[in-house]
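# Inside the fold
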Amino acid sequence: MVNLGHLKKEKMSKFKESELDLGTIKSGSNIIFHFYSIEDISNNISYVESGCGSCTKVLGYQNGSLSIKFSSGTFPFHIDNDRYNINKSVYVHYKDGTQEELRFKGLILK
């Protein structure tokens, strides 16, 4: 018999997808999107926080859906290109003291 007790157990996500690709986003746009949970976890969530204070807003969790609003804002003046990639996160904190990172990405165009 092989002892596998030393292997780290991988935490299972409570969401169907832990990363979303928002695709191409025009600069200055507001995008609302959703992370869908596998089952209703409304009684398990303590709070949800954004990894970015100004561009990402957590709208709430209801009926198995965590709603997020991303505001791409104006195109950064220091970007010497007509596009740039974003990689952002939100963190779901659970009442049992654990947390889960949900990520989203996209391509911002001028």
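Just above, that's the structure.
Heads up: these notes are all about the structure in this document. None of the values given here were measured: they were computed from a predicted structure. (Residues numbered from 1 in each chain as written. Predicted model: local features only at pLDDT ≥ 70, side-chain atom pairs only at ≥ 80, totals over all residues. Heavy atoms only, no water.)

With that settled, the discussion passes to the overall build of the chain. Counting secondary structure elements, the chain contains zero helices and seven strands. Its helices and strands in sequence order give the chain the pattern β-β-β-β-β-β-β, from N to C terminus. A compact globule built from 110 residues would reach a C-alpha radius of gyration of about 13 Å, whereas the chain, at 17 Å, exceeds it by more than 25%. For the chain, the spread of C-alpha atoms along the principal axes amounts to about 60 × 35 × 20 Å. Looking at the 110 residues of the chain, the share that counts as buried comes to 33%. Counted over contacts in the chain with a minimum sequence separation of 6, partners at least 24 positions apart contribute 62%. Surface summary for the chain: the accessible area is close to 7500 Å², and the carbon and sulfur share equals 48%. Looking at the chain, you have 14 positive and 12 negative side-chain charges, and the mean spots of the two groups are 3 Å apart. (Helix = DSSP H or I, 4+ residues; strand = E, 2+ residues; numbered from the N terminus. Rg over C-alpha atoms; globule rule 2.2 N^0.38 Å. Buried < 20%, exposed > 50% of the residue type's maximum accessible area, 1.4 Å probe, protein only. Contact = heavy atoms within 4.5 Å. Areas by Shrake-Rupley, 256 points an atom, 1.4 Å probe, with all protein chains shown as cover. Lys, Arg positive; Asp, Glu negative; His and termini not counted. Charge placed at Lys NZ, Arg CZ, Asp CG, Glu CD.)

What follows is about the sheet that holds strand β6 (residues 83-94). Note: strands within a sheet are paired through backbone hydrogen bonds, in either parallel or antiparallel orientation. Sheet architecture is open: four strands sit in the order β1-β7-β6-β3, paired in mixed fashion. Two strands in the sheet have a free side with no partner beyond their single neighbour: β1 (19-26) and β3 (45-50). Adjacent strand axes in the sheet meet at a mean angle of 20 degrees when their direction is disregarded. Two strands pair when backbone bridges link them, and β6 and strand β7 (residues 99-109) are joined in this way by eleven bridges, in the antiparallel orientation. Looking at β7, one finds that Ser89 is bridged to Arg103. (Pairing = 2+ DSSP bridges. Axes fitted to C-alpha atoms, helices over the stretch in contact; angles between N-to-C directions.)

Summed over the entire model, instances satisfying the criterion amount to three salt bridges. Here Lys105 and Glu19 are joined by a salt bridge, their closest N and O atoms 3.4 Å apart. In this pair, Lys105 sits in strand β7 while Glu19 sits in strand β1, placing the two residues 86 residues apart along the sequence. Overall, the relative accessible area of 33% leaves Glu19 in the partly exposed class. Between Asp82 and Arg83 there is a salt bridge, and its shortest N-O distance comes to 3.3 Å. (Salt bridge = Lys/Arg side-chain N within 4 Å of Asp/Glu carboxyl O.)

Moving on, we come to the environment of Phe70. Among the structural elements, Phe70 can be located in strand β5 (residues 65-71). As a C-alpha pair, Phe70 and Phe104 span 34 residues in sequence and 9.7 Å in three-dimensional space. Among residues more than four places away in sequence, those in contact with Phe70 are Ile25, Ser29, Asn30, Ile31, Phe33, Cys55, Thr56, Ile86, Lys88, Phe104 and Ile108.

To continue, consider the environment of His78. The residue His78 is located in the loop between β5 and β6 in this model. Residues His78 and Gly106, 28 residues apart in the sequence, show an inter-C-alpha distance of 19 Å.

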